[in-house]
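A closer look at the structure
Read off the chains here:
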Amino acid sequence: MPEEELKFLNVVDVKKAYGSGQARQEVLRGMNFSVAKGEFCVLLGPSGSGKSTLLNIIGGIDHADSGYICIAGDRLEELNEKRLTEYRRQHLGYVFQMYNLIPNLNVKENIEVGAYLSQNSLDIDDLLHTLGLYEHRHKLPNQLSGGQQQRVSIGRAIVKNPDILLCDEPTGALDYNTSKEILKLIEEVNQKYGNTVIMVTHNEAIRLMADHVVKLRDGVVRKNETNDHKISAMDLEW
Ligand SMILES: Nc1ncnc2c1ncn2[C@@H]1O[C@H](COP(=O)(O)OP(=O)(O)OP(=O)(O)O)[C@@H](O)[C@H]1O
Ligand SMILES: [Mg+2]
């Protein structure tokens with residue numbers, strides 16, 4: 001069996017087009033790569049290259065037209081609605097560029113939402129300390145800075161201790177220093193809890209902190225490299 005097939009998460013010949021006729025756009029044109037368990041993988045590519053589309057397909061939010069995602073031996077498209085919901089609930093955490101917090105719940109409650117129905121959630125107080133949010137736990141989202149709000153959304157995504165953490169431009173709305181702090185937090189989470197992380201970005205510098213870098217362009221994988229000398233998020237510069 002080829003080595004690739006032994007990996008934890010496999011993206012196999014995934015194709016996706018939007019629109020029809022003249023307006024038809026082939027966004028993913030046969031995408032192939034694999035991610036090992038516990039790996040910190042960065043998906044790089046210019047705007048419009050299909051990064052979010054791919055992440056949504058991996059997250060079971062969107063469907064591929066052909067090809068498939070295989071996670072721990074299960075093909076996503078073969079799961080019925082109920083098992084797909086279970087898969088998302090138990091195994092996936094999602095962090096978005098715009099934090100999507102619930103405005104009338106405080107920090108702690110927003111994080112607790114992520115633990116809802118999960119079987120092996122992390123200790124919330126311990127997590128609040130890791131996130132640097134313990135003192136802010138009673139505040140509402142509009143009383144927090146952007147970086148703090150993104151910390152809450154990371155907390156909400158990881159409180160159920162998902163096997164896979166998907167992050168779509170998690171620092172896209174943040175300034176330089178705050179971005180580095182958020183990257184450091186994601187790095188810490190990956191090391192402390194061992195979640196497989198797939199992070200989308202168009203910031204080339206971020207590739208240096210990853211175990212694995214996948215570059216997309218024109219709907220295909222242009223580069224697929226492992227990084228043997230990764231550096232800490234704090235040492236990144238751009
Ligand atoms: N629901 C949709 N309907 C039609 N076209 C779509 C839809 N979603 C995405 N697209 C198109 O697919 C292409 C890829 O979009 P996608 O959001 O995946 O890019 P991206 O790499 O995440 O870009 P960015 O870095 O700007 O976030 C874009 O040209 C976009 O217009
Ligand atoms: Mg995007």
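Scroll up to find the structure this text is about.
Just so you know, these numbers come straight off a predicted model, no measurement behind them.

All right, on to the sheet that holds strand β5 (residues 74–75) then. What the four strands build is an open sheet, ordered β2-β1-β4-β5; its pairing is antiparallel. Each edge of the open sheet carries a strand with a single partner, namely β2 (25–35) and β5. By the bridge criterion, two bridges tie strand β4 (residues 66–71) to β5 in an arrangement that is antiparallel. Directly across from C70, in β5, lies its bridge partner R75. Sitting on the sheet, helix α1 (residues 51–58) is in contact with β1 (9–18), β2 and β4, with an inclination near 125° to β1.

Once that is clear, we can look at the nonpolar core. Grouped together as the largest cluster of nonpolar side chains are 38 residues, with contacts concentrated most on F40, I111, L127, L165, I186 and M199. For M199, the residues in contact, after removing those within four places along its chain, are F40, C41, V42, L43, C167, P170, L183, I186 and I206. Membership of the second largest hydrophobic core comes to 29 residues, among which are F33, I58, I69 and I198.

Taken together, Y18, Q25, V27, P46, S47, G48, S49, G50, K51, S52 and T53 make up the full set of residues adjacent to ligand 1. Here an oxygen atom of ligand 1 and a backbone polar atom of G50 are 3.0 Å apart. When isolated, ligand 1 has an accessible area of 630 Å², and the protein chains bury 58% of it. Among the elements of the structure, β2 and α1 are those that each provide at least two residues to the shell around ligand 1. For the shell around ligand 1, the leading source of residues is α1, giving three residues. Of the residues that constitute the shell around ligand 1, the class distribution is three nonpolar, seven polar and one charged.

Within the chain, N100 stands out as a residue other than glycine whose phi angle is a positive 55°. Residue placement: N100 occurs in the loop between β6 (92–95) and α3 (107–115). Residue classification places N100 among the partly exposed residues on the basis of a relative accessible area of 47%. The phi dihedral of N161 is positive, around 50°, even though this residue is not glycine. Topologically, N161 is positioned in the loop between α5 (146–158) and β7 (164–168).

Moving on: the layout of surface pockets. Over the atoms rolls a probe the size of a water molecule, and its path tells where empty space is left. In this structure, the largest pocket occupies an estimated 420 Å³ of space. Around the largest pocket sit 15 residues that line it, and R88, L92, Y94, G114 and K160 are the ones nearest its centre. Looking at the lining of the largest pocket, the elements with two or more residues in it are α2 (81–91), β6, α3 and α5. By residue number, the principal contributor to the lining of the largest pocket is β6, which donates three residues.

Calculation notes
Residues numbered from 1 in each chain as written. Chains lettered and ligands numbered in written order. Predicted model: local features only at pLDDT ≥ 70, side-chain atom pairs only at ≥ 80, totals over all residues. Heavy atoms only, no water. Pairing = 2+ DSSP bridges. Helix = DSSP H or I, 4+ residues; strand = E, 2+ residues; numbered from the N terminus. Contact = heavy atoms within 4.5 Å. Axes fitted to C-alpha atoms, helices over the stretch in contact; angles between N-to-C directions. Core = buried A, V, L, I, M, F, W, Y, C linked by side-chain atoms within 4.5 Å. Buried < 20%, exposed > 50% of the residue type's maximum accessible area, 1.4 Å probe, protein only. Near = heavy atom within 4 Å. Polar contact = N/O pair within 3.5 Å; in protein donor to acceptor, adjacent residues only side chain to side chain. Areas by Shrake-Rupley, 256 points an atom, 1.4 Å probe, with all protein chains shown as cover. Nonpolar A, V, L, I, M, F, W, Y, C, P; charged D, E, K, R; others polar. 1 Å grid on protein atoms, 1.4 Å probe; cavity = no way out; pocket = protein on both sides within 12 Å on 5 of 7 lines; lining within 4 Å. Points joined across faces, edges and corners; volume = space filled by probe spheres on them.

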